[in-house]
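This is what each chain is made of:
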Amino acid sequence: MICKKCHKEIGIDDLKCPFCGANNSFAMKHQQNMKSFDKRYKRTQKDVLKTAGHISGLGKKAAILATLLIGMMVMIIITSLSYAELDLDDYSEGKTDAVRNAAEYTKKMDKYLEEGEYIEFAIFICEHYTSDSRMEEYKRFRCVQYLAKEYLDCIQSMERITLRTGDEDYHFDMDGEIHTFCSHLEGFYEMYENMTEQERNEKYMAYLNDMEKELRTATNVYFHIGDDEIDSFLNLSEAQKGVKLEEVLKDEE
Amino acid sequence: MKSNKWDVILNIFLFIASVCFVLCFCWMIYSIKNREKKEDPAKQYRNAFEREIKHKAYGEITDDYLLKKRSYSEPPVGCEDIYRIGEYAHVSFMLKVYEAEKNEDKIRRNGARKEALENELSVYEKYGDEIDVILEEAVSGINKD
């Protein structure tokens, strides 16, 4: 740049002209600006570093949180597995027993069916895990086994309702029990429909039909739903069945 | 300001997660330690039965009986009498169904079974009579509510 007084060439950083000693206002202003920029730069640098440190602190906390959550999930799985192992022990022992005693068990199962003891049959298959066995000896019972379990659930539910206590100090959830029965009943008829489509053996088909007939009779005897009403009752939704049964059971003589 | 807000939120979550972690850990240790401990099934069964018979909840008694039978054909030792009354209620219930069906074989078989159980009820004989009354009323449509 050029000195304003002596018009000689001077440096931009020269605060005074080296030739005439005049003040270089431009250089002074430049130096002030540079100081100001430097200050701002350092402040910005400080802010950036502070923010970066803060974010990395947040990141660490997030990582710890994630680790704690994963740790909890692992512990829950371990605890659940430790309970499941106990059930699996009984189950695998039961299946081995069913395989080992197939001849004896199938004979008993046939006897129960011939006598029409479907509840005893259902209890037997639950106790001995025969419905889970893939052995050839049990395959012929497949459809009857599935339906018998549903039948047992229905009867068990009906007994709970019919033999309920009248003691007000003992909590009995009537609405809940009725809805449980209706859902078992729906389950039974769905299974009945499926199994009658699949069963090819006439003898076992007769057992399926016999169970259905017995359940209808039980519903008639204890819940007073006549044969002519039962089909329309079965076509109601589960909620409507519940309402209908409540009316029947709570109806005053 | 914004990062302070996130800081506070994360701190809260961290605290809650730490507490839950410690609780989960304690629960896991407790479950593993108690895994081998088996509660006496007979005692549990009897306690439940005493409560149910006191309130004449025969439906619960027969329900327990059927549930237990799905796992064990023989009752837990010391609970034979409880099984008997549960079975009595169940057999009586089914007998009414067979009578309605007019199935002579089943009526005969179950009738004999009911009679045999009745003779073995001993101290629970009065409950057997009550069960019969309840079933009779249910069949005839008299509401006890």
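Residues numbered from 1 in each chain as written. Chains lettered and ligands numbered in written order. Predicted model: local features only at pLDDT ≥ 70, side-chain atom pairs only at ≥ 80, totals over all residues. Heavy atoms only, no water.

What to know about a negative patch on the surface
Residues and elements named next belong to chain B.
So, step 1. A cluster of like negative charges, contributed by E115, E118, E125 and D129, occupies part of the molecular surface.
So, step 2. Those elements giving two or more residues to the negative patch turn out to be helix 5 (104-120) and helix 6 (125-140).
So, step 3. With respect to the element layout, D129 can be found in helix 6.
So, step 4. Overall, D129 belongs to the partly exposed group, its relative accessible area being 41%. (Patch = residues over 30% accessible without salt bridge, like charges linked within 9 Å, V, L, I, M, F, W, Y side chains within 5 Å. Areas by Shrake-Rupley, 256 points an atom, 1.4 Å probe, with all protein chains shown as cover. Salt bridge = Lys/Arg side-chain N within 4 Å of Asp/Glu carboxyl O. Lys, Arg positive; Asp, Glu negative; His and termini not counted. Charge placed at Lys NZ, Arg CZ, Asp CG, Glu CD. Helix = DSSP H or I, 4+ residues; strand = E, 2+ residues; numbered from the N terminus. Buried < 20%, exposed > 50% of the residue type's maximum accessible area, 1.4 Å probe, protein only.)

Considering the interface of chain B and chain A
So, step 1. Residue-level contacts link 60 residues of chain B with 57 residues of chain A.
So, step 2. Together chain B and chain A conceal approximately 5,400 Å² of surface at their shared face, both sides included; 60% is due to carbon and sulfur atoms.
So, step 3. Our count for the contact surface shared by chain B and chain A stands at 6 salt bridges.
So, step 4. For A:R160, the salt bridge is made with B:D63, and the minimal N-O distance between the two is 2.8 Å.
So, step 5. Counting across the chain B and chain A interface gives 20 residue pairs in polar contact (both at pLDDT 80 or more).
So, step 6. Every element with two or more residues in the side of chain B that touches chain A is listed here: helix 1 (2-34), helix 2 (41-54), helix 3 (58-71), helix 4 (80-101), helix 5 and helix 6 of chain B.
So, step 7. Ranked by residue count, the leading element in the side of chain B that touches chain A is helix 1 of chain B, at 18 residues. (Contact = heavy atoms within 4.5 Å. Buried area = accessible area lost by both parts, 1.4 Å probe. Polar contact = N/O pair within 3.5 Å; in protein donor to acceptor, adjacent residues only side chain to side chain.)

Focus on unusual backbone geometry
So, step 1. Non-glycine residue A:H7 carries a positive phi angle of around 60°.
So, step 2. Along the chain, A:H7 falls in the segment before helix 1 (25-100).
So, step 3. Taking relative accessible area as the criterion, A:H7 reaches 57% and is therefore assigned exposed.
So, step 4. A positive phi angle is found at B:K56, which is not glycine, with a value near 55°.
So, step 5. Its location among the elements puts B:K56 in the loop between helix 2 and helix 3.

Structural notes on the pattern of salt bridges
So, step 1. For the coordinates displayed, the defined rule picks out 23 salt bridges over all chains.
So, step 2. Across the pair A:E214 and B:K106 runs a salt bridge, and its minimum N-O distance is 2.5 Å. With A:E214 in helix 7 (residues 202-223) and B:K106 in helix 5, this pair bridges two chains.
So, step 3. Judged by relative accessible area, B:K106 falls into the buried class, the value being 2%.
So, step 4. Connected through salt bridges with shared partners, the residues A:R160, A:E177, B:E60 and B:D63 form a single ionic network.

Considering the domain arrangement of chain B
So, step 1. By the assigned domains, chain B splits into domain 1 (1-37) and domain 2 (41-140).
So, step 2. Look at where the C-alpha atoms of domain 1 of chain B and domain 2 of chain B centre, and you get two points 49 Å apart. (Domains from an automatic or database assignment.)

Quick look at the packing of helix 2 (residues 102-114) of chain A against helix 7 of chain A
All names here are of chain A.
So, step 1. As a packed pair, helix 2 and helix 7 sit with axes 11 Å apart at the nearest point and diverge in direction by 55°. With respect to helix 7, the axis of helix 2 lies oblique. The two elements helix 2 and helix 7 meet at a crossing, and its hand is left-handed. Between helix 2 and helix 7, the contacting residues are D110, L113 and E114 on the first element and K203, Y204 and Y207 on the second. (Axes fitted to C-alpha atoms, helices over the stretch in contact; angles between N-to-C directions. Parallel < 35°, antiparallel > 145°, perpendicular 65-115°, else oblique. Left-handed = near helix turned anticlockwise from the far one by under 90°.)

Concerning the packing of aromatic side chains
So, step 1. Scanning the entire structure with this criterion turns up 17 aromatic pairs over all chains.
So, step 2. Pairing A:Y118 with A:Y151 gives two aromatic rings, centres 6.4 Å apart and planes at 85°, and the pair type is edge-to-face. Here A:Y118 is found in helix 3 (residues 118-128), whereas its partner A:Y151 is found in helix 5 (residues 142-162), with 33 residues between them in sequence.
So, step 3. A relative accessible area of 1% places A:Y118 in the buried class.
So, step 4. Accessibility expressed as a relative area gives 0% for A:Y151, which makes it buried.
So, step 5. Seen in terms of ring centroids, B:F49 and B:Y124 are 5.3 Å apart; in terms of plane orientation they differ by 85°. Their pairing is edge-to-face. (Phe/Tyr/Trp six-rings, centres within 6.5 Å; stacked < 30°, edge-to-face > 60°.)

Overview of the side chain of A:E127
So, step 1. As for its position among the elements, A:E127 is in helix 3.
So, step 2. We note that A:E127 is buried and unpaired, the nearest opposite charge coming from B:K69 at a distance of 6.7 Å.
So, step 3. Beyond its immediate chain neighbours, meaning those up to four positions away, A:E127 contacts B:K69, B:R70, B:S71, B:Y72 and B:S73.

Overview of the layout of surface pockets
So, step 1. Here the second largest pocket is characterised by a volume of approximately 690 Å³.
So, step 2. Lining the second largest pocket are 29 residues, with A:Y112, A:E120, B:K69, B:E87 and B:R113 positioned closest to its centre.
So, step 3. With 8 residues, the single largest contributor to the lining of the second largest pocket is helix 4 of chain B.
So, step 4. Taken together, the residues of the lining of the second largest pocket break down into 11 nonpolar, 4 polar and 14 charged. (1 Å grid on protein atoms, 1.4 Å probe; cavity = no way out; pocket = protein on both sides within 12 Å on 5 of 7 lines; lining within 4 Å. Points joined across faces, edges and corners; volume = space filled by probe spheres on them. Nonpolar A, V, L, I, M, F, W, Y, C, P; charged D, E, K, R; others polar.)

Let's talk about a nonpolar patch on the surface
So, step 1. On the surface, a nonpolar cluster with roughly 890 Å² of combined accessible area is contributed by B:W6, B:V8, B:I9, B:I12, B:F13, B:F15, B:I16, B:V19 and B:L23.
So, step 2. Turning to its location among the elements, B:V19 is positioned in helix 1.

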